[in-house]
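Here's the letter readout for the chains.
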Amino acid sequence: MNSIFLPYKMGDLWEVKQKDPEAIILAGGTGLLVFLREKGLHPHTIVGLENLWELKQIEMQNGEIRIGAMVTHQQLLESPVIQAQLPGLHQAVTVLGYPPIRHMGTIGGNICTASPAGDTLPSLYVLNAVAELRTPTASRLLPIQDLIKGPGQNVLGRDEILYQIRIPVPSPSAVSFYFKVGQRKALAISVCSLASMLQVAEDEQTIVDCRFAWGSVGPTIMRFPGLEKNLIGEKLSLNKLREFGQTAASMVSPITDIRGSAEYRRMLVSNLPSKMLQTL
């Protein structure tokens with residue numbers, strides 16, 4: 001590695017990228033630096049984004065919550081907007097790593113790393129988050145599930161960066177939930193995680209909207225919109241959620257690794273939806 005750049009303006013970032021299209025983008029660094037060490041890679045140029053102020057903002061605009069790609073997990077924890085409007089995402093960040101990691105790691109890094117165990121990803125899936133990608137001359141919007149291709153893989157072009165994440169403000173009556181199963185209480189990569197959002201009618205029984213997304217049980221975050229539709233109009237009950245979980249467990253594709261067996265993960269997929277009732 002010969003050069004590290006820390007631009008203060010987006011124009012300076014693009015200038016570096018144009019000179020060296022192979023330059024590596026560094027967000028928080030908690031994942032990238034480990035990856036480079038494990039692979040024995042020595043990039044010629046690393047461009048750190050930590051000084052780009054516009055990538056570190058959390059704002060509400062036009063019915064959306066906009067989160068800059070360089071917003072740290074600690075910022076998410078402390079943000080009144082996230083606490084009030086996106087409690088499921090806030091809950092997910094509370095079990096992400098430990099304080100030094102939360103102060104360094106960023107939501108953009110968590111997304112672009114594209115790990116199926118990424119703690120913010122299931123919540124972003126159920127929130128219908130959209131990624132704004134930018135090049136020196138253009139921008140495009142992409143649903144979060146279309147940005148991620150597989151483990152460690154995303155569709156970012158060589159001249160693109162993740163600029164921000166846009167999330168529609170949820171209905172005030174929607175209830176969010178995040179649950180993570182790990183091998184220990186702290187610092188654990190999830191064996192299985194579930195984010196969900198549920199909205200019931202005024203009778204407090206009929207389901208009018210529901211979304212579920214599981215982590216660590218497939219090559220990407222697993223969500224089944226067709227299966228969710230089967231719950232719309234049904235009465236919310238423990239049996240319905242158990243049936244839903246059992247069907248979802250037959251549709252995921254977990255692996256067996258040192259953290260847990262495929263069978264154990266399927267059992268968790270089946271059981272976790274019914275825990276939603278604990279938050280109502």
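The structure under discussion appears in the preceding block.
All of the points below concern the structure found in this document. (Residues numbered from 1 in each chain as written. Predicted model: local features only at pLDDT ≥ 70, side-chain atom pairs only at ≥ 80, totals over all residues. Heavy atoms only, no water.)

As for helix α5 (residues 87–94)
Okay, step 1: All buried positions along α5 are accounted for by Gly88, Leu89, His90, Ala92 and Val93.
Okay, step 2: Those residues of α5 that are buried are in contact with β5 (64–68), α3 (73–78), α4 (80–85), α6 (99–104), α8 (121–126) and β11 (175–181). (Buried < 20%, exposed > 50% of the residue type's maximum accessible area, 1.4 Å probe, protein only. Helix = DSSP H or I, 4+ residues; strand = E, 2+ residues; numbered from the N terminus. Contact = heavy atoms within 4.5 Å.)

A word on unusual backbone geometry
Okay, step 1: We note that Asn62 has phi near 50°; this positive angle belongs to a residue other than glycine.
Okay, step 2: Of note, Asn62 is situated in the loop between β4 (58–61) and β5.
Okay, step 3: Unlike most non-glycine residues, Asn128 shows phi in positive territory, near 55°.
Okay, step 4: In this structure, Asn128 sits in the loop between α8 and β6 (130–134).

What to know about the pattern of salt bridges
Okay, step 1: Per the stated rule, a full pass over the model turns up 14 salt bridges.
Okay, step 2: With a closest N to O distance of 3.2 Å, Asp203 and Lys235 form a salt bridge. Of the two residues, Asp203 sits in the loop between β12 (192–200) and β13 (207–215) while Lys235 sits in the loop between α10 (225–229) and α11 (238–249), which places them 32 residues apart along the sequence.
Okay, step 3: We classify Asp203 as partly exposed; its relative accessible area is 36%. (Salt bridge = Lys/Arg side-chain N within 4 Å of Asp/Glu carboxyl O.)

Describing the packing of α11 against helix α12 (residues 262–271)
Okay, step 1: With their axes 6 Å apart at the nearest point, α11 and α12 run at an angle of 150° to one another. Classed by the angle they form, the pair α11 and α12 counts as roughly antiparallel. Once α11 is placed against α12, the crossing between them reads as right-handed. The residues of α12 that touch α11, namely those facing Arg242, Gly245, Gln246, Ala248 and Ala249, are Arg266, Val269 and Ser270. (Axes fitted to C-alpha atoms, helices over the stretch in contact; angles between N-to-C directions. Parallel < 35°, antiparallel > 145°, perpendicular 65-115°, else oblique. Left-handed = near helix turned anticlockwise from the far one by under 90°.)

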